[in-house]
Protein chains: 4
Amino acid sequence: MFSGHPKPVPLMPGHSPLMDRFLVVRTRTEALCAPLEIEDYVVQASMEVSPPKWHLAHTTWFFEAFVLQPFATGYKVFDADFAHLFNSYYETAGAFFPRPRRGLLSRPTVAQIRRYRQHVGDAVVELLEHLPAEAETEILNRILLGIEHEIQHQELLLMDILFNFSINPLKPAYHAIHAPSSAAPVPEMRWREFPGGIVEIGHAGSGFSYDNERPRHETLLRDFRLGTRLVTNAEYLAFIEDDGYRRVDLWLSDGWNTVQSRGWQAPQYWSRCEDGGWGQFDLTGQHALRLDAPVAHLSYYEADAYARWAGKRLPGEAEWEHAAAPQPMDGNFLDSGLHLPLPAQREGLSQLYGDLWEWTQSAYLPYPGFRPLPGTLGEYNGKFMCDQMVLRGGCCATARDHMRASYRNFFRPSDRWMFSGLRLAEDA
Amino acid sequence: MFSGHPKPVPLMPGHSPLMDRFLVVRTRTEALCAPLEIEDYVVQASMEVSPPKWHLAHTTWFFEAFVLQPFATGYKVFDADFAHLFNSYYETAGAFFPRPRRGLLSRPTVAQIRRYRQHVGDAVVELLEHLPAEAETEILNRILLGIEHEIQHQELLLMDILFNFSINPLKPAYHAIHAPSSAAPVPEMRWREFPGGIVEIGHAGSGFSYDNERPRHETLLRDFRLGTRLVTNAEYLAFIEDDGYRRVDLWLSDGWNTVQSRGWQAPQYWSRCEDGGWGQFDLTGQHALRLDAPVAHLSYYEADAYARWAGKRLPGEAEWEHAAAPQPMDGNFLDSGLHLPLPAQREGLSQLYGDLWEWTQSAYLPYPGFRPLPGTLGEYNGKFMCDQMVLRGGCCATARDHMRASYRNFFRPSDRWMFSGLRLAEDA
Amino acid sequence: MFSGHPKPVPLMPGHSPLMDRFLVVRTRTEALCAPLEIEDYVVQASMEVSPPKWHLAHTTWFFEAFVLQPFATGYKVFDADFAHLFNSYYETAGAFFPRPRRGLLSRPTVAQIRRYRQHVGDAVVELLEHLPAEAETEILNRILLGIEHEIQHQELLLMDILFNFSINPLKPAYHAIHAPSSAAPVPEMRWREFPGGIVEIGHAGSGFSYDNERPRHETLLRDFRLGTRLVTNAEYLAFIEDDGYRRVDLWLSDGWNTVQSRGWQAPQYWSRCEDGGWGQFDLTGQHALRLDAPVAHLSYYEADAYARWAGKRLPGEAEWEHAAAPQPMDGNFLDSGLHLPLPAQREGLSQLYGDLWEWTQSAYLPYPGFRPLPGTLGEYNGKFMCDQMVLRGGCCATARDHMRASYRNFFRPSDRWMFSGLRLAEDA
Amino acid sequence: MFSGHPKPVPLMPGHSPLMDRFLVVRTRTEALCAPLEIEDYVVQASMEVSPPKWHLAHTTWFFEAFVLQPFATGYKVFDADFAHLFNSYYETAGAFFPRPRRGLLSRPTVAQIRRYRQHVGDAVVELLEHLPAEAETEILNRILLGIEHEIQHQELLLMDILFNFSINPLKPAYHAIHAPSSAAPVPEMRWREFPGGIVEIGHAGSGFSYDNERPRHETLLRDFRLGTRLVTNAEYLAFIEDDGYRRVDLWLSDGWNTVQSRGWQAPQYWSRCEDGGWGQFDLTGQHALRLDAPVAHLSYYEADAYARWAGKRLPGEAEWEHAAAPQPMDGNFLDSGLHLPLPAQREGLSQLYGDLWEWTQSAYLPYPGFRPLPGTLGEYNGKFMCDQMVLRGGCCATARDHMRASYRNFFRPSDRWMFSGLRLAEDA
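Residues numbered from 1 in each chain as written. Chains lettered and ligands numbered in written order. Predicted model: local features only at pLDDT ≥ 70, side-chain atom pairs only at ≥ 80, totals over all residues. Heavy atoms only, no water.

Focus: the overall build of chain A
Then step 1. Scanning chain A from N- to C-terminus turns up 9 helices and 12 strands.
Then step 2. In terms of overall dimensions, chain A is globule-like: its C-alpha atoms have a radius of gyration of 22 Å, near the 22 Å expected for 428 residues.
Then step 3. Considering only C-alpha atoms, chain A reaches an extent of 65 × 55 × 40 Å along its principal axes.
Then step 4. Burial statistics for chain A: of 428 residues in total, 61% are counted as buried.
Then step 5. The contacts of chain A with a sequence gap of at least 6 include a subset with a gap of at least 24, amounting to 78%.
Then step 6. Total accessible area on chain A is roughly 15,800 Å²; 52% of this is exposed by carbon and sulfur atoms.
Then step 7. One finds the centroid of the 40 positive side-chain charges in chain A at a distance of 1 Å from the centroid of its 53 negative side-chain charges. (Helix = DSSP H or I, 4+ residues; strand = E, 2+ residues; numbered from the N terminus. Rg over C-alpha atoms; globule rule 2.2 N^0.38 Å. Buried < 20%, exposed > 50% of the residue type's maximum accessible area, 1.4 Å probe, protein only. Contact = heavy atoms within 4.5 Å. Areas by Shrake-Rupley, 256 points an atom, 1.4 Å probe, with all protein chains shown as cover. Lys, Arg positive; Asp, Glu negative; His and termini not counted. Charge placed at Lys NZ, Arg CZ, Asp CG, Glu CD.)

As structure tokens, this is what we get:
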């Protein structure tokens, strides 16, 4: 991981690039909350999501626990109770408040959490300005990790706000923008072929990556083809209208049980209108289904069932990475400010980055030779390597500079509140 | 019910007593919320409680649905979605948002609900000032019911705030007052004897009462004795220290199962301190157990088990009412502003009113000849006449002018987040 | 309780009446199992029921634990593990195997349990033949209690077999009898009036009763009327066809929630036929609904809702007992061998005894002055005096000599697998 | 899969090898039930297991539904209700009785099911003797599949009996044999090294295999080492005594949650003795822990945690198969009649086959190019390819002629009632 590189970012006297990035990212977190009312910071509408104020505090606690407390001499903890409240899942860092109950806490208030952010942010800046020489590398690595961690939570923040709003009968909109309309129709789906062979995947070198992307290693691929773009709402609608949610032969066993027990009839956030059409809820509120936009908020089970129905399959994560690595990191990211997936814009292999995370058929498992980070930070990724599937490519809520071809995201097969989508593959 | 009296309160030109009361009660609801942060209005820490902002809106909806919509010509509904959100349990008034999910709604905001309160309050005042002659009695009766209803919710508001705060590790205080300390020790427990015979209980006459207090009727009592005051924390502690929570023979079967499954070892809001003593949480925050205060936040099961341990029993509701009816309506009510039960102050039969609701051994059942209110308001009380036990006398969160000797409160035997306490009785 | 009478049954040299009864009842338990296959003895199709073999063993353990172990010198326990397995709910007699898991035990086998019955039965006979003088009364009382207890379990056995069979798609019949058909139509429902006043209810004197029927005491009744017979299936069908299960205003709140959550649309064991008619499952198997038979297998909620729909109410238990006490103990009991409720046979007040237990509107609470039995047997009845409602009169699975006018049965308001039915009442 | 080979077994006039095998396997199923009492056939002590009589009927239904009904002209279904009762999970073959409720059915009786077995067995023999030429290959393939399917259920039968017996406080023994004791100590653990490279795994050729073992394909291995034998109880005990179940850093996140929520402190069927030692329950009943036997009844989580504690990892399924394929199919299988895992007997790579299924670190996913069987039989394996992990090598309850190097078994990571064990691996 980032242990291989002594200085992830060249430091300059005064305002270093790392400090720049730290300040920019911290500010962006708060900017993402600007459209919220105080009440919106409190709620947790399902066990999977967290209240926005919890995200604000947790990302701050991360710097306090892993950077300031071990390395900033004389640092005064803001509030001794916060470690208990805002530790997410680091078992070795002490007991933490139960996740499903995060939405039951009205205190600390948003104002107090903002003061907490200020307090910790100032201390990190202070530390960056007076780096102790003996731990310089470790501190910089950990601050960098804290920044990347906060960017991940920016995405979670948007996912969670969307979910919280979606269950409210008032159907609040996060922001009132209009999704830009396409001048041209979505390009036809085509198939890009890739020859097989031994290829390398995973991260190498001195740039930042998470531990789960390492080590870079060889893997064997067979000839395969990838669909040139994401599957659209219109295409997915054909699956629904072909009784896709009622044909058991299309589904994995666990998927079928989930469809039955939860009464799924469409992706999350779709709803039947009174006129028989379909509506869709997203961060711009409730509106008619955008047929040319990529289908979003699918579980693995649904992505897999659609692929079976279409006579295709999902890509493997190695196939995906092999295809994506040479592509430029272009796409519709958090940076666009839209926070919506957009229709494919051009012919050729597109949408690999941004728009929607793409389900792969790969279980989330350690790479050969995987070594987790030492100590508590080893819990960051490694302990989740079971019962989850890998998604690739980032989404419209991911910051562009957070993304890499080797980036491995992972969710449970039944999860679908994240910005997940679907690209098809087939054997060549 | 209150249908028997054409004008519950004499009306005067201009500002009538009813309008006075309406305005006072509405204002008091808001005053009770003054110590809250915006975040505090949102949370619902268990299925039994409701978010404070829900109480603010629901009591307002009650006037809108039962007074303004049927009787105020030209009234414009504030927001058509609110009926769904703020109907509590009136099935015949339309579908309502599920109770256990009230804490998942950040919108409408507190500010919007305050506007809703203003809008509805103005319309009620307007209606009171221009009463249509043909429905005058019905309107006045319903406004009076709405006022009493809102007073009930004032008590729920305090109960629910206490519960919400209690599960927060930060242990917030609702208000920072100091409980007044007693100059004298709690008077010794004595036994006041009452001869049996045929007595009358229940409400009669033209004053306000709920339908469940009627009709006034005869019942047969045997000679009995009542304890002169509530059982104290010190006395209850002796029960705990005598292994009260571990001796199955002291408990009803359902009670024992509840003790086991919930791990009860003391009343709600008690906690073990590190020094082995007991702490107590109440609206003033966390502090040491007040030994001379009456034991509070007991379930029926605990009250019953304590009585069995003490070789006594709980009073029947007819016994209680027969004993309490001649007593003056004195006591530690909401009006004191303390919102805490206080130690018994004087010799003789005391604490019947205020301080804490007293569990009786009577199931909540209809009085002979009971008739619920007609229409949707018939759901107010009657449909709960099963699976609950009666409590009597009001508490430190009940407004004094809301209380009557015939007042019947009711909770499930396992409930204990309300201000419930315990008075002993025995056969004479 | 039976503590008031030194010799409940006059003893004769040799074969005493008590010994006769003991042997007859023990044999009848086994005879009731004669139609079963070995497999039928094992299953427990819901948490409420017990496997037949458990009943066989538990009634035997009752004699072992409460008669033989304390009083039979030199008695050897059959199997030391059985106390754990076959104690039902006597907490003070030691830990017991969890009730919901009784159907998970294949061992001991039925053959072993029969040997256990023989072993214990022989020892009780032996003890009866050589009664130690100093404990004679206590022993006889306990044997009598054991006999009554076993009779209660005969009824449970039939209830539980019916439930176990009902969930089996093969719809097995317990016995293949044809229900006798009525020559005459069911007599019209009439209303028998009873004047109110102070009356006595409860058991007194030296005959056997349970502790919960004592002490006999005065109570005050108002003038009332009872329906002359049980409500029939045809009458209940009219309630269903009038949308009884879909009209919320007819139901108690807990009842409505139960109807919704369990999807009730009819009494237990009714089912829709493909032709739109109704079928009914009982111990004779699956057949068309018998319209003139009394409606059976109702919860309290359904009985209460029907009464509300009919503009009546359920009787109070004191009303019922006051009306029933002068009536002869005639009726369709276990002794008839039918184990089915029959249509009312004659004009006038009928069906008070036998056929079906009649729900009352009385909560199951202690009588004034109630004293439970001392020691572990005090758990027999008293600890259930909460959360249940009283039923009266016995049923077609109750032995006639087990019944008394003062007999109090009790179930939870949502229970309906027992032979429960419905008689209407009203104020006069 | 077996579709590629026209005649999996050479047929002879008269008694063919396939008919031999059919009869032998059917008889063995019944022989495995010989130690059972009738009552033992009925119970289902957890949702995962099935009652023995269900296994007897289900394996029979498999032949009826997939062989006789489609191919045996004039075949008369034994009982039309049985398809509903004994279909396991073939959704496209019609609705089936819910799996968690299989233990609630006392009927059909064991005797009826034996008649069912006879009826179907006779019809299969009859069909084998008069094979219709046009479907000969398909019929033979399906009979062969039915045989392999029944062998799988023989293993499930033993697993399920063990579980059912384990929760019974009487601790019944399935058979009273003594586990053979070892003359010599367990050989020391050594590490066998295998060079990496492109290797082939999966099944090819005309012999029988399941569809999930196909197609044979290339995969890339890195140099690795395998432990020469299974981990023993003694070795696992060291993990426990080193606080293995209390050290969160050793566990996957889901594993830790499972350990906490289920209170795991040792493998399934271990129990603390009063003297502080460990006992073990198996098909021979309750006895002291056999220290030299391989540790059995582990979940994936436990196997993974042990490996982490030991500084090793679990093998990948391709590593395992590559190492095992050249080995002779020797081992302690069902055929030994012991149904217990035995201590390793010899130096060198051992225990790959038989004794215990070995957890791999491979998720159960389709091989590249995987095609499920057509039609309903496609549900046999493919629909479970999610949320499960692969185990390899068979166990002491697997028939030797059922096993292949390419055989893929799969369970959920939290399952542990099967005969699962643990072999370590490491990177070379």
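What follows continues from the structure just given.
A word on helix H4 (residues 110-129) of chain B
Residue and element names in this part refer to chain B.
Then step 1. Given a rise of 1.5 Å per residue, 20 residues ought to cover 28 Å, and the 28 Å separating the end C-alpha atoms of H4 matches this to within 8%.
Then step 2. Looking at H4, one finds that the buried residues are Val110, Ile113, Tyr116, Arg117, Val120, Gly121, Ala123, Val124, Val125, Leu127 and Leu128.
Then step 3. Residues of H4 that are buried sit in contact with helix H1 (17-32), helix H2 (52-71), helix H3 (82-86) and helix H5 (136-166). (Expected span 1.5 Å × (residues − 1).)

Here we look at the interface of chain D and chain A
Then step 1. Taken together, the contacts link 31 residues of chain D with 31 residues of chain A.
Then step 2. In this assembly, chain D packs against chain A so that about 2,400 Å² is buried in total across both faces, 61% of it on carbon and sulfur atoms.
Then step 3. Counting every contact that joins chain D to chain A gives 2 salt bridges.
Then step 4. Notably, a salt bridge pairs Asp254 of chain A with Arg412 of chain D, separated by 2.6 Å at the nearest N-O pair.
Then step 5. At the boundary of chain D with chain A, the tally comes to 6 residue pairs in polar contact (both at pLDDT 80 or more).
Then step 6. If you list the elements that add at least two residues to the side of chain D that touches chain A, you get strand S3 (217-221), helix H7 (253-262), helix H8 (300-309) and strand S8 (357-363) of chain D.
Then step 7. Tallied by class, residues from the side of chain D that touches chain A come to 16 nonpolar, 6 polar and 9 charged. (Buried area = accessible area lost by both parts, 1.4 Å probe. Salt bridge = Lys/Arg side-chain N within 4 Å of Asp/Glu carboxyl O. Polar contact = N/O pair within 3.5 Å; in protein donor to acceptor, adjacent residues only side chain to side chain. Nonpolar A, V, L, I, M, F, W, Y, C, P; charged D, E, K, R; others polar.)

Comments concerning the packing of aromatic side chains
Then step 1. Across all of its chains, the model carries 136 aromatic pairs over all chains by this definition.
Then step 2. Here Tyr89 of chain C and Tyr90 of chain C contribute two aromatic rings whose centre-to-centre distance is 4.7 Å and whose plane-to-plane angle is 25°, an arrangement assigned as stacked.
Then step 3. Judged by its relative accessible area of 1%, Tyr90 of chain C falls in the buried class.
Then step 4. Directly above the ring of Trp264 of chain A sits Arg416 of chain A, whose terminal nitrogen or CZ lies 3.9 Å from the centroid.
Then step 5. Here Arg102 of chain B stacks its cationic end above the ring of Trp54 of chain B, 3.6 Å away from the centre of that ring. (Phe/Tyr/Trp six-rings, centres within 6.5 Å; stacked < 30°, edge-to-face > 60°. Lys NZ or Arg CZ within 6 Å of the ring centre and 35° of its normal.)

Description of helix H7 (residues 253-262) of chain B
All names here are of chain B.
Then step 1. Restricting attention to buried positions, one finds in H7 the residues Ser253, Asp254, Gly255, Trp256, Thr258 and Val259.
Then step 2. On its buried face, H7 sits against helix H8 (300-309).
Then step 3. Looking at the residues trailing H7, positive phi occurs at Gly263, about 70°.

Comments concerning the relation of the copies chain B and chain A
Then step 1. Superposition of chain B onto chain A requires a rotation of 180° combined with a translation of 0.0 Å along the rotation axis, giving an RMSD of 0.0 Å. Such a turn and shift between the copies fits a two-fold axis. Every residue of chain B has its C-alpha some distance from the rotation axis, and the shortest such distance is that of Glu39 of chain B, at 2.9 Å.
Then step 2. The share of interface residues of chain B whose copies in chain A are also at the interface is 100%, consistent with both copies meeting through the same surface. (Least-squares fit on C-alpha atoms with pLDDT ≥ 70 in both.)

A word on the interface of chain B and chain A
Interfaces are often described in size by the accessible area the parts lose on coming together.
Then step 1. The partner chain A presents 30 residues to the 30 residues of chain B that form the contact.
Then step 2. Summing both sides of the interface, chain B and chain A together bury roughly 2,500 Å²; the carbon and sulfur share of this comes to 64%.
Then step 3. Looking at the side of chain B facing chain A, the largest losses of area belong to Glu39, Arg107 and Leu170 of chain B, adding up to 27% of the total buried there.
Then step 4. The residue Asp40 of chain B makes a salt bridge to Arg107 of chain A at a minimum N-O spacing of 2.6 Å.
Then step 5. On the surface where chain B and chain A come into contact, there are 8 residue pairs in polar contact (both at pLDDT 80 or more).
Then step 6. Taken together, the elements giving at least two residues each to the side of chain B that touches chain A come down to H3, H4 and H5 of chain B.
Then step 7. The residue makeup of the side of chain B that touches chain A, split by class, is 17 nonpolar, 7 polar and 6 charged.

Description of the confidence of the model for chain A
Residues and elements named next belong to chain A.
Then step 1. In this model, chain A carries an average pLDDT of 94, and 96% of its residues clear a pLDDT of 70 or more.
Then step 2. Here residues 1-13 scores under 50 on pLDDT; set against residues more than four positions off or in separate chains, the count is 29 contacts.
Then step 3. The ipTM for the predicted assembly is 0.94, set against a pTM of 0.94. (pLDDT = per-residue confidence, 0-100.)

What to know about the arrangement of the chains
Then step 1. One finds no contact linking chain A with chain C; the least C-alpha distance across the pair is 15 Å.
Then step 2. If you take every C-alpha in chain B and every C-alpha in chain D, the smallest gap between them is 15 Å, and the two do not touch.

Digging into the packing of H1 of chain B against H5 of chain B
Residues and elements named next belong to chain B.
Then step 1. Contact geometry of H1 with H5 gives a least axis separation of 10 Å together with a crossing angle of 20°. Judged on the interaxial angle alone, H5 and H1 are roughly parallel. The handedness of the crossing between H1 and H5 is left-handed. Across the interface between the two elements, Leu18, Arg21, Phe22, Val25, Arg26, Arg28, Thr29 and Leu32 of H1 pack against Leu140, Ile143, Leu144, Ile147, Glu148, Glu150, Ile151, Gln154, Leu157 and Leu158 of H5.
Then step 2. Taken together, the residues of the contact of H1 with H5 break down into 11 nonpolar, 2 polar and 5 charged. (Axes fitted to C-alpha atoms, helices over the stretch in contact; angles between N-to-C directions. Parallel < 35°, antiparallel > 145°, perpendicular 65-115°, else oblique. Left-handed = near helix turned anticlockwise from the far one by under 90°.)

Topic: the environment of Met159 of chain B
Residue and element names in this part refer to chain B.
Then step 1. Examined against the element boundaries, Met159 turns out to sit in helix H5.
Then step 2. With relative accessibility at 1%, the residue Met159 sits in the buried group.
Then step 3. In sequence terms Met159 and His119 are 40 residues apart; their C-alpha atoms lie 27 Å from each other.
Then step 4. With residues up to four places along the chain from it excluded, the contact list for Met159 reads Tyr269, Phe411, Trp417, Met418 and Phe419.

Overview of the domain arrangement of chain A
All names here are of chain A.
Then step 1. Examined at the domain level, chain A breaks down into domain 1 (17-166) and domain 2 (191-427).
Then step 2. A C-alpha centroid distance of 27 Å is found between domain 1 and domain 2.
Then step 3. Each partner contributes residues to the interface: domain 1 has 29 residues there, and domain 2 has 31 residues.
Then step 4. Between domain 1 and domain 2, roughly 2,600 Å² of surface is buried when both sides are summed, and carbon and sulfur atoms account for 68% of that area.
Then step 5. Three residues stand out in domain 1 for area buried against domain 2, namely Glu155, Met159 and Leu162, and they jointly supply 24% of the buried area on that side.
Then step 6. The interface formed by domain 1 and domain 2 holds 1 salt bridge in total.
Then step 7. Counting across the interface, domain 1 meets domain 2 through 13 residue pairs in polar contact (both at pLDDT 80 or more).
Then step 8. The set of elements that each furnish at least two residues to the side of domain 1 that touches domain 2 consists of helix H1 (17-32), helix H2 (52-71) and helix H5 (136-166).
Then step 9. Top element by residues in the side of domain 1 that touches domain 2 is H5. It accounts for 17 residues.
Then step 10. Class assignment of the residues belonging to the side of domain 1 that touches domain 2 gives a composition of 16 nonpolar, 5 polar and 8 charged. (Domains from an automatic or database assignment.)

Overview of the sheet that holds strand S9 (residues 389-392) of chain C
Then step 1. Overall, mixed pairing links the 4 strands, which are arranged S10-S9-S8-S11 (chain C) in an open sheet. Both outer strands of the open sheet, strand S10 (409-411) and strand S11 (420-421) of chain C, are each paired with one neighbouring strand and no more. (Pairing = 2+ DSSP bridges.)

Describing unusual backbone geometry
Backbone phi values are negative for most residues with the exception of glycine, while trans is the configuration of most peptide bonds.
Then step 1. Residue Pro215 of chain A follows Arg214 of chain A across a cis peptide bond; omega there is -5°.
Then step 2. Topologically, Pro215 of chain A is positioned in the loop between strand S2 (197-201) and strand S3 (217-221).
Then step 3. Positioned with a positive phi, His297 of chain D is a non-glycine residue whose angle comes to about 60°.
Then step 4. Locating His297 of chain D in the fold gives a position in the loop between strand S7 (285-288) and H8.
Then step 5. What makes His297 of chain D buried here is its relative accessible area of 6%.

Side note on the pattern of salt bridges
Then step 1. If you walk through the whole model with that rule in mind, you get 122 salt bridges over all chains.
Then step 2. Measuring nitrogen to oxygen at the nearest pair gives 2.9 Å for the salt bridge that ties Asp304 of chain C to Arg308 of chain C. Taken as a pair, Asp304 of chain C and Arg308 of chain C lie in helix H8 (residues 300-309) at a separation of 4 residues, close to a single helical turn.
Then step 3. Looking at Arg308 of chain C, the relative accessible area reads 35%, which means it is partly exposed.
Then step 4. Residues joined by salt bridges that share partners form a network here, namely Arg26, Glu30, Arg117 and Glu150 of chain A.

Focus on the sheet that holds strand S5 (residues 270-272) of chain A
The pairing of strands in a sheet comes from backbone hydrogen bonds and takes either a parallel or an antiparallel form.
Residue and element names in this part refer to chain A.
Then step 1. In space, the 3 strands of this open sheet follow the order S5-S6-S7, with antiparallel pairing throughout. Of all the strands in the sheet, just S5 and strand S7 (285-288) have a single pairing partner and so form its edges. Strand-to-strand, the axes of this sheet are offset by a mean angle of 30°, without reference to chain direction.
Then step 2. In the sheet, strand S6 (residues 278-282) pairs with S7 via 4 bridges, with the strands oriented antiparallel.

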